[in-house]
Amino acid sequence: MEVLDQFFSQISFVDIFNFCVFITFAICYTYQLYYVFVVLTRKPKERVAKKNHRFAAVISARNESAVIGDLIHSIKVQNYPSELIDVFVIADNCTDSTADVAREAGAIVFPRTNTNEVGKGYALDYGFQVIREQYADRGYEAYFVFDADNVLDVNYFREMNATFDNGAKASTSYRNSKNYDSNWISAGYAVWFLREAKFLSQARLTLNTSCVVSGTGFFIAADIIEKNGGWKWHLLTEDIEFSTNSILEGIRISYTPTAILYDEQPTTFRDSWNQRFRWAKGFYQVFGRYGGRLAKGVFTNPKGSRFACYDMLMTIAPGMLLTIVSVLFNGIIIALGAAGVMSTGVMIASSVSSIFFCLFNYLVFMFMFGVLTTFVEWDSIRSTTGKKVRYMFTFPFFMLTYIPIALVALVKKCKWKPIQHSISVDVAEFSDAAAKPSRERTL
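As the structure is a computational prediction, the values presented were derived from the model and not from experiment.

Asker: Help me understand the overall build of the chain, please; the structure alone is not making it clear to me.
Answerer: On a plain count of helices and strands, the chain comes out with 16 helices and eight strands. Relative to its full complement of 443 residues, the chain shows a buried share of 54%. The long-range share in the chain, meaning contacts at least 24 apart out of those at least 6 apart in sequence, stands at 82%.

Asker: For this particular structure, what's the right way to read the environment of phenylalanine 395?
Answerer: Relative to the assigned elements, phenylalanine 395 resides in helix 15 (residues 385–400). Relative accessible area serves as the criterion here: at 3%, phenylalanine 395 is assigned to the buried category. For phenylalanine 395, the residues in contact, after removing those within four places along its chain, are Gly188, Val191, Trp192, Met366 and Gly370.

Asker: Would you explain the packing of aromatic side chains in this entry?
Answerer: The relation between two aromatic rings is expressed through the spacing of the ring centres and the mutual angle of the planes. Throughout the structure, instances matching the rule amount to 40 aromatic pairs. Judged by centre distance (5.9 Å) and plane angle (70 degrees), the rings of tyrosine 156 and phenylalanine 157 are edge-to-face. Among the aromatic residues, those joined into a ring-pair cluster are Phe88, Phe110, Phe128, Tyr135, Tyr140, Tyr143, Phe218, Trp231, Trp233 and Phe242. One residue, arginine 276, lies across the ring of phenylalanine 398, its end atom 4.3 Å from the ring centre.

Asker: Can you help me understand the pattern of salt bridges in this one?
Answerer: A side chain with one charge can pair with a side chain of the opposite charge if their charged atoms come near. A full pass over the atoms with the stated rule returns 13 salt bridges. Ionic pairing is found between glutamate 249 and lysine 227, a salt bridge with its closest N-O pair at 3.7 Å. With glutamate 249 in the loop between helix 10 (238–248) and strand 8 (253–263) and lysine 227 in helix 9 (residues 222–228), this pair connects stretches of sequence that are 22 residues apart. Of the residues examined, glutamate 249 reaches a relative accessible area of 35% and is grouped as partly exposed. The residue arginine 289 makes a salt bridge to glutamate 241 at a minimum N-O spacing of 3.5 Å.

Asker: Please clarify how helix 3 (residues 31–41) should be interpreted in this entry.
Answerer: In an α-helix, one turn spans 3.6 residues, which is why side chains three or four residues apart end up on the same side. For helix 3, the set of buried residues is Tyr31, Gln32, Tyr35, Val36, Val38 and Val39. In an axial view of helix 3, the angular spread of the buried residues amounts to 165 degrees, which keeps them on one side of the axis.

Asker: Where do I start with helix 8 (residues 184–206) in this structure?
Answerer: Helix length check: helix 8, at 23 residues, gives a terminal C-alpha distance of 31 Å against a target of 33 Å (1.5 Å per residue), a fit within 8%. At alanine 197, helix 8 is bent by approximately 25 degrees, the largest bend along its length. Most of helix 8 is tucked away: 20 of the 23 residues are buried. In this structure asparagine 183 caps helix 8, since a side-chain oxygen of it lies 3.0 Å from the backbone nitrogen of isoleucine 185.

Asker: Where do I start with a nonpolar patch on the surface in this structure?
Answerer: On the surface, Phe22, Ile23 and Ile27 cluster together into a nonpolar patch covering about 290 Å² of accessible area. With respect to the secondary-structure elements, isoleucine 23 resides in helix 2 (residues 13–29).

Asker: Please clarify how the environment of phenylalanine 283 should be interpreted in this entry.
Answerer: By the secondary structure assignment, phenylalanine 283 is in helix 11 (residues 269–300). On a C-alpha basis, the gap between phenylalanine 283 and leucine 236 in space is 8.1 Å, while along the polypeptide they are 47 residues apart. Among all residues touching phenylalanine 283, those that are not within four sequence positions of it are Thr237, Ile240, Thr315 and Ile316.

Asker: Would you mind going over unusual backbone geometry with me for this structure?
Answerer: With glycine set apart, most residues show a phi of negative sign, and most peptide bonds adopt trans. At asparagine 63, a position not held by glycine, the phi torsion is positive, near 55 degrees. Summarising the element assignment, asparagine 63 is placed in the loop between strand 1 (55–61) and helix 4 (68–76). Positive phi values are uncommon outside glycine, yet asparagine 208 reaches one of about 60 degrees. For asparagine 208, the position within the fold is in the loop between helix 8 and strand 7 (218–221).

Asker: Looking at this structure, how should I read the confidence of the model for the chain?
Answerer: A low pLDDT score tells you not to read the predicted coordinates there in detail. Averaged over all residues, the pLDDT of the chain is 87; the fraction at 70 or higher stands at 84%. With pLDDT under 50 throughout, residues 3–9 is counted as low confidence; its partners more than four residues away or in other chains account for zero contacts. Under a pLDDT of 50 for its full length, residues 433–443 has, in the predicted model, 22 contacts with residues more than four places off or in other chains.

Asker: Where do I start with empty space enclosed by the protein in this structure?
Answerer: Any empty space left between atoms is shown by rolling a water-sized probe over those atoms. Per the counting criterion, the structure on display carries one cavity of 30 Å³ or more. Roughly 80 Å³ of internal volume is contained in the largest cavity. Lining the largest cavity, in full, are Thr172, Ser173, Arg175, Phe193, Glu196, Ala197, Ser201, Val212, Ser214 and Thr216. Among the secondary structure elements, those contributing two or more residues to the lining of the largest cavity are strand 6 (170–177) and helix 8.

Asker: I tried to follow the packing of helix 15 against helix 16 (residues 402–411) on my own but got confused; where do I start?
Answerer: What describes two packed helices is the angle between their axes and the distance between those same axes. The interhelical angle for the contact between helix 15 and helix 16, taken along N-to-C directions, is 15 degrees, at an axis separation of 5 Å. Taken together, the axes of helix 15 and helix 16 lie roughly parallel to each other. Contact with helix 15, carried on its side by Phe398, Met399 and Leu400, involves Tyr402, Ile403 and Pro404 of helix 16 and no other residues of that element. Its residues assigned to classes, the contact of helix 15 with helix 16 shows six nonpolar, no polar and no charged.

Reading the values: the criteria
Residues numbered from 1 in each chain as written. Predicted model: local features only at pLDDT ≥ 70, side-chain atom pairs only at ≥ 80, totals over all residues. Heavy atoms only, no water. Helix = DSSP H or I, 4+ residues; strand = E, 2+ residues; numbered from the N terminus. Buried < 20%, exposed > 50% of the residue type's maximum accessible area, 1.4 Å probe, protein only. Contact = heavy atoms within 4.5 Å. Phe/Tyr/Trp six-rings, centres within 6.5 Å; stacked < 30°, edge-to-face > 60°. Lys NZ or Arg CZ within 6 Å of the ring centre and 35° of its normal. Salt bridge = Lys/Arg side-chain N within 4 Å of Asp/Glu carboxyl O. Arc of directions from axis to C-beta. Expected span 1.5 Å × (residues − 1). Bend = angle between axes of the 7 residues up to and from the residue. Polar contact = N/O pair within 3.5 Å; in protein donor to acceptor, adjacent residues only side chain to side chain. Patch = residues over 30% accessible without salt bridge, like charges linked within 9 Å, V, L, I, M, F, W, Y side chains within 5 Å. Areas by Shrake-Rupley, 256 points an atom, 1.4 Å probe, with all protein chains shown as cover. pLDDT = per-residue confidence, 0-100. 1 Å grid on protein atoms, 1.4 Å probe; cavity = no way out; pocket = protein on both sides within 12 Å on 5 of 7 lines; lining within 4 Å. Points joined across faces, edges and corners; volume = space filled by probe spheres on them. Axes fitted to C-alpha atoms, helices over the stretch in contact; angles between N-to-C directions. Parallel < 35°, antiparallel > 145°, perpendicular 65-115°, else oblique. Nonpolar A, V, L, I, M, F, W, Y, C, P; charged D, E, K, R; others polar.

Dropping the structure here:
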């Protein structure tokens, strides 16, 4: 008893606070380490299609004349019957030649001018409304959503068709990067999305729970669009809102690891800040609107979707704020001690060590994930060995910049702004058809 009394007498409220933060993190997110174990020890089942289905590819584009042609061309040369894919481009508030370039490449173009309802969600909704009104007779069974800067592997639609044919109502795909080796910023994005595809989406697929669509490279069954009367999700992160709403309604979002998509990542810190600021603000919006329902769904949804509610709740929950609160709290204790307001040296020392411990562990954790992702996906990353190794070390610092972004997003308003893309590529270079033997997926 004496030992215990002595132990507890040396514990300050600062120690208790920091311990509670640590325990909260551990309880909420340890399950994702199990995801890593699942991916490293189990492979998802292959899916085979019995028939080819009819699809519409929908692309929202604003001033994307430099890249839109590459995406459309990569759709037109798919290893899939071309008569079963139609391409629609919503030229949203464009002031360049995006519409002309898209038409010349073979797309059906819907020009849209609306400065009041701004954002990808509104543009998609407009596109779906026009398609449903003017092209209903074509009998599209699912809609694919892409960003203008994407380029698809030649087998993309074939692989996604197999997923759809096996009953999926929605599915995301493997997201790689066109410009991993531009600099540490583009590499940071690329590693993050590869990590998301491999150690989140693939684990969820293997465990038969729901995945999350992430901006681009996914399909939605036509009956979901019909049921909702179009695209009804208009928050800053409309993809996360759609995913959250789907999970709450018991719709399982699948994943197709063999459907490969490449997109362009920002290369300047300013563009990166603006984009991630919008994401952070959008996550707060989704959490505010759906967080309570997800928490309730953990206990009340049908048994097959309760864990998906928990997983989604942890995805949108502002976990980064715990790190910020911890750093700010301990920083205040240090400031009070430096000002002479607080004289307890033990608490001040504890706060200093806690800030160091918090940031150091965050960097170490992200470094480990960066290393693991890079080595597991080594052959998929289009870069030199030297850059792959170098960017494993810069990835944790790229992730560390999320902390001020998340803090600013709490107090600053955000308007939807597109990132302009300019990297035009040779589509053939981004197809693995020559490197990998073609597997017949349809009868």
